[in-house]
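What follows is the residue order along each chain.
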Amino acid sequence: MDLREVVSAGVWEQRQLLDQGVLTARELIEATLDGIDQAGELNAFTRVLHEQAITEAIERDQQDVAARGPLHGIPIAVKDEIDVAGVPTTFGTRANLTPAVADAEVVRRLRAAGAVIVGKTTMPEFGQWPYTESTTYGLTRNPWDRTRSTGGSSGGSAAAVAAGLVPAALGGDGGGSIRIPAACCGLFGLKTQRGRVPTAPNEHLWWALGVLGPLTRSVLDSAIVYDVIRGATPTDRFHAPDPELSFEEAARRTPTSLRIGYTTKSQTMLAKAVPEHVRAVHDTAELLVQLGHTVIEIDPHYPDFTFAFYPQFYGGVRAEIPLVDHPERLERRTRQNLMLGSWARRPVVEWAMRRGEALARKADRIFDKCDLLLTPTIAHRPPRVGILDNANPVRAQLASVPMVAFTGFWNVTGHPAASLPAGMASDGLPLAVQLVGPANGETTILSVAAQLEQIRPHPRPA
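Because the structure is a prediction, the values reported are computed rather than measured. Throughout this description, residue numbers start from 1 for each chain and increase along the sequence as written. With the structure being a predicted model, the display of local features is reserved for residues of pLDDT at least 70 and the display and counting of side-chain atom pairs for 80 or more, all residues being used for whole-chain, interface and lining totals. With hydrogens and water set aside, each side-chain value is computed from the structure's full complement of heavy atoms.

Points about unusual backbone geometry
Point 1. Cis rather than trans, the peptide bond between Gly 152 and Ser 153 has omega equal to 10 degrees.
Point 2. Secondary structure elements follow DSSP: runs of H or I of four or more residues count as helices, runs of E of two or more count as strands, with numbering from the N terminus. With respect to the element layout, Ser 153 can be found in the loop between β7 (145-149) and α6 (155-162).
Point 3. For the peptide bond that leads from Ala 200 to Pro 201, omega is 15 degrees, which places it in the cis range.
Point 4. Looking at where Pro 201 falls in the secondary structure, it is placed in the loop between β9 (188-191) and β10 (211-216).

Structure (structure tokens):
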């Protein structure tokens, strides 16, 4: 048995090997930690939990077989905006030093299912940008090409999974921050319906914009992790109804013939999809026809969502500032951004959320014409690292537009959306497309994404 191959396997494959007794949780976790240590040049982790993870693995091995959960012994990494007991939640900044007193609810559920938390992953400060770069932790590099960006803000989680260091890593998506790094790194990343996954102990993540979820290499792995962590708590501001079937069942079923609309129209006039991304949408549309679906080009007539997005964006960052010990240590760009967003106070944010609900009703009309919508995930190719170097907030915002040009609208409306690999581009990095569903349409997205994965397997970096 080659442990390196086992470490780079997915959740499902690792679970089978552990269940069969081919290896122990301790063997898997020790090999995982060794791999993380050897891949330091990626800068995917802010902290690796060596002793804690090995201790947890030993405890997993001592559990009775009948008591083992669906993620027994599986190593998982966690974005550094999510609480892990005993570890500071840095939000990608040097401004917080106090260890979290308890796990966030999603982390508690992962542990209860048998997962072993191996470390915290890098992110830009407060997840403000779709590039994983900060003055505290430096540049996170794409496993496909170390000179290219992973995207963001869950870029450390994406790098760790794409490099085969862990089979799954938690991220967060407030404007595309799961889907964008998934697109840059050749992964599957689903942003669920708002209220599907708990944000506890926090009432919300960037108000109505943000959700938590995993990045994985396969659709099935994502579904398995989501089935463990989904289900809101009483303290969550938003609650989604239970799905009709589990996410794993959805990923394993063959869907009936669906109506799938497609568009390459951007949600903003400031960026349009490059030709290779347009081609990826057209190629995927052809595959969907081969699978028996009806595919039509549509014009979504996206309404302007900036007045609903930016109050929540600024208000979300402002809401996280009190959670750090030393706000004076924040990046200069963050302090400037907070000044720009000083108007985003509670009444304005509440108005913006109501505006988002109105936009969601307009977006629902798209799904009167189709069951799913197919679009590019990002407009441009992943840029070279260092794109935020010396950038003030205005330059950083402009540099961010091509990354969020197809994703941000769906955070405002709350609709589920996923990025999935769509072959390779001429630059040697993966291509990606986005599938968007109606309210509570995650199971349909998972079924179709799994269908596409079967006939177009997801690429892996060498």
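Focus: the side chain of Ser 400
Point 1. Among the structural elements, Ser 400 can be located in helix α15 (residues 393-404).
Point 2. The definition of a polar contact used here is a pair of N or O atoms within 3.5 Å, where within protein one atom must be able to donate a hydrogen and the other to accept one, and adjacent residues in sequence count solely through side-chain atom pairs. Polar contacts involving the side chain of Ser 400 include one to the main-chain carbonyl oxygen of Ala 396, which spans 2.7 Å.

Considering the environment of Tyr 137
Point 1. For Tyr 137, the location among the structural elements is in the loop between β4 (133-134) and β5 (138-139).
Point 2. Distance from Tyr 137 to Leu 170, taken between C-alpha atoms, is 18 Å for residues 33 residues apart in sequence.
Point 3. It only takes one pair of heavy atoms within 4.5 Å for two residues to be counted as in contact. In contact with Tyr 137, other than residues within four places in its own chain, are Asn 43, Thr 46, Thr 90, Gly 92, Thr 93 and Thr 122.

Side note on the packing of helix α2 (residues 11-19) against helix α8 (residues 219-229)
Point 1. For the pair α2 and α8, the least separation of the axes is 8 Å and the interaxial angle reads 70 degrees. Considered as vectors, α2 and α8 are oriented roughly perpendicular to each other. Contacts from Val 11, Trp 12 and Arg 15 in α2 reach Leu 220, Asp 221, Ile 224 and Val 225 in α8.
Point 2. By the convention adopted, Pro, Cys, Tyr, Trp, Phe, Met, Ile, Leu, Val and Ala count as nonpolar, Lys, Arg, Asp and Glu as charged, and the other residues, Gly among them, as polar. Looking at the contact of α2 with α8, its residues break down into five nonpolar, no polar and two charged. Helix axes use the C-alpha atoms of the stretch in contact, all axes being lines fitted to C-alpha atoms, and the angles between their N-to-C directions lie in the range 0 to 180 degrees. For this classification, under 35 degrees means roughly parallel, over 145 means roughly antiparallel, 65 to 115 means roughly perpendicular, and everything else is oblique.

Notes on the packing of helix α5 (residues 105-112) against α8
Point 1. Running from N to C, α5 and α8 point in directions that differ by 110 degrees, and their axes come no closer than 8 Å. By the criterion of interaxial angle, the relationship of α5 to α8 is roughly perpendicular. On the side of α5, the interface is formed by Val 106, Arg 109 and Leu 110, while α8 contributes Val 225, Val 228 and Ile 229.
Point 2. Here the residues of the contact of α5 with α8 are counted per class, giving five nonpolar, no polar and one charged.

Re a nonpolar patch on the surface
Point 1. A cluster of nonpolar residues, Leu 270, Leu 340, Val 394 and Leu 398, forms a patch on the protein surface that exposes about 420 Å² of accessible area.
Point 2. Assignment of secondary structure puts Leu 270 in the loop between β11 (259-262) and α10 (275-290).
Point 3. The buried label goes to any residue with under 20% of its type's maximum accessible area, the exposed label to any with over 50%, and the partly exposed label to all in between, with areas taken from a 1.4 Å probe on protein chains only. Given a relative accessible area of 65%, Leu 270 falls into the exposed group. For patches, a residue must show more than 30% relative accessible area and have no salt bridge; joins then use 9 Å for like charges and 5 Å for nonpolar side chains, namely Val, Leu, Ile, Met, Phe, Trp and Tyr. Residue-level accessible areas treat just the shown protein chains as cover; the underlying method is Shrake-Rupley with a 1.4 Å probe. Put simply, a salt bridge is a Lys or Arg side-chain nitrogen that is within 4 Å of an Asp or Glu carboxyl oxygen.

Thoughts on the sheet that holds β10
Point 1. Read across the open sheet, the eleven strands follow the order β1-β3-β2-β8-β10-β9-β14-β15-β13-β11-β12; overall the sheet is mixed. Since the sheet does not close on itself, it has two edges, and those belong to β1 (45-48) and β12 (294-297), each with one partner. Recorded for the sheet is a direction-independent mean angle of 25 degrees between the axes of neighbouring strands.
Point 2. For β9 and β10, the ladder comprises two bridges, and the chain directions are antiparallel. In the strand pairing of β10, Phe 188 is matched with Thr 216.
Point 3. On top of the sheet, helix α4 (residues 50-62) reaches β1 and β3 (116-121); it is set at about 160 degrees to β3, its chief contact.
Point 4. Across the sheet, α6 lies against β1, β2 (75-79), β3, β8 (168-173) and β10, angled at about 155 degrees from β8, the strand it touches most. Paired strands, in this sense, are two strands between which DSSP finds at least two bridges.

With respect to the UniProt feature "domain: Amidase" (unreviewed entry) in the protein
Point 1. UniProt positions are given in the numbering used here, feature names are shortened, and annotations may be inferred rather than shown by experiment. Annotation from UniProt places "domain: Amidase" (unreviewed entry) at residues 27-446.
Point 2. Between the first and last C-alpha atoms of residues 27-446 the distance is 32 Å; the span itself is 36% helix and 17% strand.

Observations concerning the pattern of salt bridges
Point 1. Applying the stated criterion across every chain, the model contains 23 salt bridges.
Point 2. Between Lys 79 and Glu 81 there is a salt bridge, with the nearest N and O atoms lying 3.1 Å from each other.
Point 3. Since its relative accessible area comes to 1%, Lys 79 is described here as buried.
Point 4. Accessibility expressed as a relative area gives 11% for Glu 81, which makes it buried.
Point 5. Its salt-bridge partner being Glu 350, residue Arg 237 comes within 2.9 Å of it at the nearest N-O pair.

Here we look at the nonpolar core
Inside soluble globular proteins, nonpolar side chains tend to come together where they are buried.
Point 1. Leu 71, Val 106, Leu 110 and Leu 374 are the most contacted members of the largest nonpolar core, which has 64 residues in total.
Point 2. Per element, the largest residue contribution to this core is eight residues, and it comes from α8.
Point 3. Once residues within four sequence positions are removed from consideration, Val 106 is found in contact with Ile 82, Leu 170, Val 197, Pro 198, Leu 212 and Ile 229.
Point 4. Formed by 38 residues, the second largest nonpolar core is a distinct cluster that contains Leu 42, Phe 45, Val 116 and Ala 399. Residues enter a nonpolar core if they are buried and are Ala, Val, Leu, Ile, Met, Phe, Trp, Tyr or Cys, with the set joined through side-chain atoms within 4.5 Å.

Observations concerning the packing of aromatic side chains
For any pair of aromatic rings, the description rests on two quantities: the centre-to-centre distance and the angle between the ring planes.
Point 1. Put simply, two rings from Phe, Tyr or Trp (the six-membered ring, in Trp's case) pair if the centres are within 6.5 Å, and we call them stacked under 30 degrees between planes, edge-to-face over 60, tilted for the rest. For the coordinates displayed, the defined rule picks out 15 aromatic pairs.
Point 2. Ring centres of Phe 309 and Phe 313 lie 6.0 Å apart, and the angle between their planes is 10 degrees; on these two criteria the pair is classed as stacked. Highlighted residues: Phe 309 and Phe 313, both in helix α11 (residues 306-320), separated by four residues, approximately one helical turn. Each member of the pair, Phe 309 as well as Phe 313, is classed as buried.

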